[in-house]
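Tertiary structure, described
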Amino acid sequence: VLDFIRPAFSTRFDTILAAEVLYDRGGFRGLADAFDAMIAPRGTILLTDGERIDTAEFYALLDARGFERTAAYLVVEDQGWRERVRLVRIRRS
């Protein structure tokens, strides 16, 4: 568990897994800053985006920092509940 807006690490990681972090537009800039600071130069961020809100602004912030992304949609089922989520792979351009 990590508060991405106030990361406790000064190191860079090869892989970052993040889920349920795109639910507050006010945190988009802090999250983009944290990803920028914590990912290694050739690292990969795997992010699930449930698309509960419009996240275009977040991805524009990543674009401005030199990231590229690919995405695929998955249907997740748990205890009879089905939800479509977007799995986003984010890397430096």
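Attention in this report is confined to the structure presented alongside it. Predicted, not measured: the structure shown is a model, and the values here were computed from it.

It is worth spelling out the nonpolar core at this point. Grouped together as the largest cluster of nonpolar side chains are 19 residues, with contacts concentrated most on Phe 35, Leu 47, Phe 58 and Leu 62. Of all elements in the fold, only β1 (13-18), α1 (28-38), β2 (39-49), α2 (56-64) and β4 (81-92) reach the threshold of two or more residues within this core. Of the residues forming this core, the biggest block, six residues, is contributed by α1. Residues within four places of Leu 47 in sequence aside, it is in contact with Ala 18, Val 21, Leu 22, Phe 58, Tyr 59, Arg 86, Leu 87, Val 88 and Ile 90.

Viewed as axis vectors pointing N to C, α1 and α2 meet at an angle of 35°, and their least axial separation amounts to 9 Å. When you trace α1 past α2, the crossing you get is right-handed. Facing Phe 28, Arg 29, Leu 31, Ala 32 and Phe 35 of α1, the residues of α2 in contact are Glu 57, Phe 58, Leu 61 and Leu 62. Among the residues making up the contact of α1 with α2, the classes are represented as seven nonpolar, no polar and two charged.

The strands making up a sheet are joined through hydrogen bonds of the backbone, oriented either antiparallel or parallel. Reading across from one edge, β1-β2-β4-β3 is the order of the four strands in this open sheet, with mixed pairing throughout. Taken across any chain shown, the strands that pair with only one partner, and hence form the sheet edges, are β1 and β3 (67-78). Each strand of the sheet is rotated relative to its neighbour by a mean of 15°, with strand direction disregarded. Relative to β2, β1 is paired through five bridges, and the arrangement is parallel. In the sheet register, Ala 18 faces β2, and the bridge partner there is Leu 47. α1 contacts β1, β2, β3 and β4 of the sheet and is inclined by roughly 145° relative to β2. Packed onto the sheet, α2 meets β2, β3 and β4 and runs at close to 145° relative to β3.

Moving on, we come to α1. Inspection of α1 places Phe 28, Leu 31, Ala 32, Ala 34, Phe 35 and Met 38 among the buried residues, and these make up the whole buried set. An end-on view of α1 places all buried positions within 160° of arc, on one side of the element.

So, how was this worked out
Residues numbered from 1 in each chain as written. Predicted model: local features only at pLDDT ≥ 70, side-chain atom pairs only at ≥ 80, totals over all residues. Heavy atoms only, no water. Core = buried A, V, L, I, M, F, W, Y, C linked by side-chain atoms within 4.5 Å. Buried < 20%, exposed > 50% of the residue type's maximum accessible area, 1.4 Å probe, protein only. Helix = DSSP H or I, 4+ residues; strand = E, 2+ residues; numbered from the N terminus. Contact = heavy atoms within 4.5 Å. Axes fitted to C-alpha atoms, helices over the stretch in contact; angles between N-to-C directions. Left-handed = near helix turned anticlockwise from the far one by under 90°. Nonpolar A, V, L, I, M, F, W, Y, C, P; charged D, E, K, R; others polar. Pairing = 2+ DSSP bridges. Arc of directions from axis to C-beta.

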